[in-house]
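Residue-level structural notes
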Amino acid sequence: MVIARGDVVWVDFGSPRGSEPAKRRPAVVFQADWLLATAIATVLVVPLTSNVDLGDFPGNVRVARAASGLDRDSIAVVSQVGPVGREFVDPFAVGHLPSHVMRAVSDGVRLALAV
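Description of the structure in this document. Because the structure is predicted, anything quoted here is derived from the model rather than measured. The residue numbers shown here count from 1 along each chain, following its written sequence. Two thresholds apply to this predicted model, a pLDDT of at least 70 for residue-level local features and 80 or more for giving and counting side-chain atom pairs, whereas whole-chain, interface and lining totals are computed over all residues. To obtain the side-chain values, all non-hydrogen atoms of the structure were included, while hydrogens and water were left out.

Along the chain, the regular secondary structure elements total three helices and seven strands. Secondary structure elements are taken from DSSP: a helix is a run of H or I of four residues or more, a strand is a run of E of two residues or more, and numbering for both begins at the N terminus. Counting from the amino terminus, the chain carries its helices and strands in the arrangement β-β-α-β-β-α-β-β-β-α. Computed over the C-alpha atoms, the radius of gyration of the chain is 13 Å, within 12% of the 13 Å expected from 2.2 N^0.38 for a compact globule of 115 residues. Summarising its shape, the C-alpha atoms of the chain cover approximately 35 × 30 × 30 Å along the three principal directions. Burial classes: relative accessible area under 20% of the type maximum marks a residue as buried, over 50% as exposed, and values in between as partly exposed (1.4 Å probe, protein chains only). Classification of the 115 residues of the chain by burial places 41% in the buried group. Here the contacts in the chain between residues at least 6 apart in sequence split such that 61% fall between residues at least 24 apart. Using a 1.4 Å probe, accessible areas were evaluated by the Shrake-Rupley method; residue-level cover was limited to the displayed protein chains. Working note: accessible area of the chain is about 6,400 Å², and carbon and sulfur atoms make up 56% of it. The charged-residue count follows a simple rule in which Lys and Arg add positive charge and Asp and Glu add negative charge, with His and chain termini not counted at all. Positions of charges follow a simple convention, taking NZ of Lys, CZ of Arg, CG of Asp or CD of Glu. Between the centroid of the 11 positive side chains of the chain and the centroid of its 11 negative side chains there is a distance of 1 Å. Each radius of gyration reported is based on C-alpha atoms, and the globular scaling rule is 2.2 Å times the count of residues to the power 0.38. Should any heavy atoms of two residues lie within 4.5 Å, those residues are considered in contact.

Structure (structure tokens):
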């Protein structure tokens, strides 16, 4: 797998269950590069949504399409950070978030997790 922290990748989250991310959608790789280089079978990601109304939720981060490589603006839904199996992550990124956007995503995750 050729991905790095901050990459925007497509992920198959599977069937919808409640408010969890579902179907095939973009996400930001959140896991540290040194862990990505190991044999750990999962990758920590922050799902992206095109539902820009979720940008008002505390900690969520607006990601401009120019920053993500996607065809529309998105919202990083920091409260849904979680692991996905590597087999469900496309191995090639469609974009890479600038460092200032990744800092905002990291700040949002810290807020959501109270760490």
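Back to the text.
Attention now moves to the pairing of strand β2 (residues 24-29). One bridge is not enough; two strands pair if DSSP finds at least two bridges between them. The sheet contact formed by strand β1 (residues 7-12) and β2 spans five bridges and is antiparallel. Each bridged residue has a counterpart across the sheet, and for Val-11 the counterpart in β2 is Arg-25.

By this rule the span expected of a helix is its residue count minus one, scaled by 1.5 Å. The end-to-end C-alpha separation of helix α3 (residues 99-113) is 21 Å, in line with the 21 Å expected for 15 residues at 1.5 Å each. Residues of α3 that are buried include every one of Val-101, Met-102, Val-105, Ser-106, Gly-108 and Val-109, and no others. When α3 is viewed along its axis, its buried side chains cluster within an angular range of 160 degrees and face the same direction. In α3, the exposed residues that point more than 90 degrees away from the buried face are His-100, Arg-103 and Leu-111. The arc under discussion is defined with respect to the helix axis, by the directions toward the C-beta atoms.

Looking now at the environment of Arg-24. Position of Arg-24 among the secondary structure elements: in strand β2. Under the relative-accessibility criterion, Arg-24 is labelled exposed at 51%. Separated by 84 residues in the primary sequence, Arg-24 and Gly-108 place their C-alpha atoms 23 Å from one another.

Our next topic: the nonpolar core. If you look at soluble globular proteins, the nonpolar side chains tend to sit buried side by side. The term nonpolar core refers to a set of buried residues drawn from Ala, Val, Leu, Ile, Met, Phe, Trp, Tyr and Cys, joined through side-chain atoms within 4.5 Å. Formed by 16 residues in total, the largest nonpolar core has its most connected members in Leu-48, Val-63, Ala-76, Leu-97 and Val-105. The set of elements that each furnish at least two residues to this core consists of β3 (42-49), β4 (61-63) and α3. For this core, the element with the highest residue contribution is α3, accounting for four residues. Every residue in contact with Ala-76, bar those within four places of it in the chain, is listed here: Val-46, Pro-47, Leu-48, Asn-60, Val-61, Val-63 and Val-105. The next biggest cluster of nonpolar side chains, apart from the first, holds eleven residues, and it includes Val-9, Phe-13, Val-29 and Leu-36.

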